[in-house]
Amino acid sequence: MSSHDAASPAAPSRNPCCLCWCCCCSCSWNQERRRAWQASRESKLQPLPSCEVCATPSPEDVQSWAQSFDKLMHSPAGRSVFRAFLRTEYSEENMLFWLACEELKAEANQHVVDEKARLIYEDYVSILSPKEVSLDSRVREGINKKMQEPSAHTFDDAQLQIYTLMHRDSYPRFLSSPTYRALLLQGPSQSSSEA
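Note that this is a predicted model, so its numbers are computed, not measured.

A. Up close: the overall build of the protein. Helices and strands together make up the secondary structure of the protein, namely nine helices and zero strands. Listing each helix as α and each strand as β along the protein from the N terminus yields α-α-α-α-α-α-α-α-α. Per-residue burial over the protein gives 40% buried out of 195 residues. Total accessible area computed for the protein in this model is approximately 11,200 Å², and 54% of it derives from carbon and sulfur atoms.

Structure, rendered in structure tokens:
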């Protein structure tokens, strides 16, 4: 492998566009996406309950999910419904990976961080895992290096890549799905029957 095979600083000159889903370019869409993701990370999402204990979403919640992917992901009920949708598309591992990364980032004990990082790697990054998420080679190599001394942020690049993949790929299909449409139709009729 020559030194030219590795990612070089000249990589952004590859004529990147906003259709790039892998976060490897510096196009304005990716920069905006990264800023929004960073802001959501810094705003400390509410603790992530297990999806089974999420309350039924209000009609307002369901409608807000169509406004932005961030609103869907900030809502425990939204994550639960979206996770169920991903299960029907055989891509639930993307949400599970994202949730595991959020848990890891909330951990302060280094011993626990080491163990959780190892489990995340084995469950979602290892090519031997049945729940392997789709990551590009650059991100995979970065994780392999960071696994020498894992931290709570070992998987940040991978988490952003999977978040972007869900946003660009699964989210539009979710909004068009019978699952989401049924929730939209269910909302107003439940509200009026409760009044």
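B. Highlighting the environment of Glu 115. As for its placement among the helices and strands, Glu 115 is situated in helix H6 (residues 110–125). Its relative accessible area of 35% is what places Glu 115 among the partly exposed residues. Measuring from C-alpha to C-alpha, the distance between Glu 115 and Pro 150 comes to 9.1 Å, with 35 residues separating the pair along the chain.

C. The arrangement of the nonpolar core in detail. Trp 65, Phe 82, Phe 97, Phe 155, Met 166 and Phe 174 are the most contacted members of the largest nonpolar core, which totals 37 residues. Elements with a contribution of two residues or more to this core: helix H3 (69–74), helix H4 (76–88), helix H5 (92–105), H6, helix H7 (137–146), helix H8 (156–176) and helix H9 (178–194). Per-element tally for this core: the top contributor is H5, with eight residues. For Phe 155, the contacting residues outside a window of four places in its chain are Phe 97, Cys 101, Leu 104, Ala 117, Ile 120, Tyr 121, Val 125, Ile 143 and Met 147.

D. Highlighting the environment of Leu 72. Checked against the element boundaries, Leu 72 lands in helix H3. Taking relative accessible area as the criterion, Leu 72 reaches 0% and is therefore assigned buried.

E. The packing of H4 against H5, seen in detail. At their nearest, the axes of H4 and H5 sit 7 Å apart, and the two run at 140° to each other. With respect to H5, the axis of H4 lies oblique. Counted together, Arg 79, Phe 82, Arg 83, Leu 86 and Arg 87 of H4 and Glu 92, Met 95, Leu 96, Trp 98 and Leu 99 of H5 form the full contact between these two elements. By residue class, the composition of the contact of H4 with H5 is six nonpolar, no polar and four charged.

F. Representation of the packing of aromatic side chains within the structure. Per the stated rule, a full pass over the model turns up ten aromatic pairs. Geometrically, the ring pair formed by Phe 82 and Phe 85 is stacked, given 6.3 Å between the ring centres and 20° between the ring planes. Remark: Phe 85 and Phe 82 occur in helix H4; sequence separation between them is three residues, near one turn of the helix. Both residues of the pair, Phe 82 and Phe 85, belong to the buried class. Ring pairing ties together the aromatic residues Phe 69, Phe 82, Phe 85, Trp 98, Tyr 163, Tyr 171, Phe 174 and Tyr 180, which thus form one cluster.

G. Focus on H6. Every buried residue belonging to H6 is among Val 113, Ala 117, Ile 120, Tyr 124 and Val 125, and all of these are buried. Looking straight down H6, one finds that the buried residues subtend no more than 70° of arc, so they occupy a single side. One side-chain oxygen of the residue at the start of H6 lies 2.8 Å from the amide nitrogen of His 111, identifying that residue as Asn 109.

H. Focus on H4. With 13 residues, H4 extends 19 Å between its outermost C-alpha atoms, agreeing within 8% with the 18 Å of an ideal straight helix rising 1.5 Å per residue. By the burial criterion, the buried members of H4 are Ala 77, Gly 78, Arg 79, Ser 80, Val 81, Phe 82, Arg 83, Phe 85 and Leu 86. Once H4 finishes, Tyr 90 follows within two positions and takes phi at roughly 60°, a positive value.

I. Focus on the pattern of salt bridges. Enumeration according to the criterion identifies eleven salt bridges in this entry. Note that Glu 115 and Arg 118 form a salt bridge whose closest N and O atoms lie 2.4 Å from each other. With Glu 115 and Arg 118 both in helix H6, this residue pair falls three residues apart, about one helical turn. The class for Arg 118 is partly exposed, based on a relative accessible area of 33%. Salt-bridge contacts for Arg 118 lead to Glu 122; the nearest nitrogen and oxygen are separated by 2.7 Å. Of this pair, Arg 118 and Glu 122 both sit in helix H6, four residues apart, which is roughly one turn of that helix. In this structure, a network of salt bridges that share partners links the residues Arg 83, Arg 87 and Glu 92.

Rules used in this analysis
- Residues numbered from 1 in each chain as written.
- Predicted model: local features only at pLDDT ≥ 70, side-chain atom pairs only at ≥ 80, totals over all residues.
- Heavy atoms only, no water.
- Helix = DSSP H or I, 4+ residues; strand = E, 2+ residues; numbered from the N terminus.
- Buried < 20%, exposed > 50% of the residue type's maximum accessible area, 1.4 Å probe, protein only.
- Areas by Shrake-Rupley, 256 points an atom, 1.4 Å probe, with all protein chains shown as cover.
- Core = buried A, V, L, I, M, F, W, Y, C linked by side-chain atoms within 4.5 Å.
- Contact = heavy atoms within 4.5 Å.
- Axes fitted to C-alpha atoms, helices over the stretch in contact; angles between N-to-C directions.
- Parallel < 35°, antiparallel > 145°, perpendicular 65-115°, else oblique.
- Nonpolar A, V, L, I, M, F, W, Y, C, P; charged D, E, K, R; others polar.
- Phe/Tyr/Trp six-rings, centres within 6.5 Å; stacked < 30°, edge-to-face > 60°.
- Arc of directions from axis to C-beta.
- Polar contact = N/O pair within 3.5 Å; in protein donor to acceptor, adjacent residues only side chain to side chain.
- Expected span 1.5 Å × (residues − 1).
- Salt bridge = Lys/Arg side-chain N within 4 Å of Asp/Glu carboxyl O.

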